[in-house]
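Structural description and commentary
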Amino acid sequence: TEETLVLVKPDGVARGLTGAILARIEAKGYSLVDIRLVEPDRDLLERHYAEHEGKPFYEPLLEFMMSGPSVAIRLAGNRVIEGFRSLAGTTDPTTAAPGTIRGDFGRDWGLKVQQNLVHGSDSAESAARELAIWF
Ligand code: GTP
Ligand code: MG
């Protein structure tokens, strides 16, 4: 078993989709180990998104992530890192497959790219680093 960090980002929380997203995660059989509502400050987000510093979407992404609370989830399960990213769908909600969180609930990428509802760690190293930041 392994652990990952899942975030329901500010757009997901504001749109009232936290329950629907949690229902999919629970239906898959993953275990909620810890869950909290977080209003991240800039320092937390700079650490979380360090790999993206300097990219054109970095500042808008931080602004968006400070626009409201996110739900942070410590999630456990067999191959949950890869499995949650599969549940989430591709980064761009416009092209995310139907049946995925971003494919079913995501709005058009052209609107605001960073608004793709969820985050999921992309490796065991990222998961350990990110879980230490949010919990
Ligand atoms: P996460 O699970 O959120 O990390 O998504 P990801 O791994 O599919 O995407 P990535 O780590 O590459 O980017 C992190 C976040 O930055 C994405 O979830 C988007 O919110 C945002 N993002 C990524 N690429 C772009 C882009 O080209 N433009 C904009 N505006 N935002 C982007
Ligand atoms: Mg990522």
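Model, not experiment: these values are computed from the prediction.

What counts, and where the lines are drawn
- Residues numbered from 1 in each chain as written.
- Chains lettered and ligands numbered in written order.
- Predicted model: local features only at pLDDT ≥ 70, side-chain atom pairs only at ≥ 80, totals over all residues.
- Helix = DSSP H or I, 4+ residues; strand = E, 2+ residues; numbered from the N terminus.
- Rg over C-alpha atoms; globule rule 2.2 N^0.38 Å.
- Buried ≥ 20, exposed ≤ 12 C-beta atoms within 10 Å, placed from the backbone.
- Contact = placed C-beta atoms within 7 Å.
- pLDDT = per-residue confidence, 0-100.
- UniProt positions renumbered as here; feature names shortened; annotations may be inferred.
- Pairing = 2+ DSSP bridges.
- Axes fitted to C-alpha atoms, helices over the stretch in contact; angles between N-to-C directions.

Further remarks concern the overall build of the protein chain. Helix and strand counts for the protein chain stand at 7 helices and 4 strands. When the elements of the protein chain are put in sequence order from the N terminus, they spell out β-α-α-β-α-α-β-α-α-β-α. Taken over C-alpha atoms, the radius of gyration comes to 14 Å for the protein chain, in line with the 14 Å a tight globule of 135 residues would show. The dimensions of the protein chain, computed from C-alpha atoms along their principal axes, are 35 × 30 × 25 Å. Burial analysis of the protein chain (135 residues in total) assigns 32% to the buried set. Contacts in the protein chain between residues at least 24 apart in sequence constitute 71% of all its contacts with a sequence separation of at least 6.

On to the confidence of the model for the protein chain. Summing up the model confidence of the protein chain, the mean pLDDT is 95 and the portion of residues at 70 or higher is 96%. For this predicted complex, the interface confidence reaches an ipTM of 0.90, while the overall pTM sits at 0.95.

So, on to the environment of Thr18. In this structure, Thr18 sits in helix α2 (residues 18-28). Of the residues examined, Thr18 has 19 C-beta atoms within 10 Å and is grouped as partly exposed. Considering only alpha carbons, one finds Thr18 and Gly68, 50 residues apart in sequence, at a separation of 13 Å. Look past the residues within four positions of Thr18 in its chain and what remains in contact with it is Val8, Gly12, Val13 and Val71.

Moving on to the UniProt feature "binding site: ATP" (unreviewed entry) in the protein chain. The sites that carry the UniProt feature "binding site: ATP" (unreviewed entry) are, in the present numbering, Lys9, Phe57, Arg85, Thr91, Arg102 and Asn116. Structurally, the position occupied by Arg85 is in helix α5 (residues 80-88). Ignoring any residue separated from it by four or fewer positions in sequence, one finds Arg85 in contact with Gly120 and Asp122. Along the chain, the position of Asn116 falls in the loop between α6 (101-105) and β4 (118-120).

Now for the sheet that holds strand β2 (residues 31-38). Taken in spatial order, the 4 strands line up as β2-β3-β1-β4 in an open sheet, and their pairing is antiparallel. Here the strands that pair on one side only, and so sit at the sheet edges, are β2 and β4. Here the strands of the sheet are splayed against their neighbours by 20 degrees on average, with no regard to which way each runs.

This part covers unusual backbone geometry. Phi at Arg79 is positive, roughly 55 degrees, even though this residue is not glycine. You can see Arg79 is positioned in the loop between β3 (70-77) and α5. When the 11 C-beta atoms within 10 Å are taken as the criterion, Arg79 is described as exposed. One non-glycine residue, Leu117, lies in the positive phi region at around 75 degrees. Positionally, Leu117 belongs in the loop between α6 and β4.

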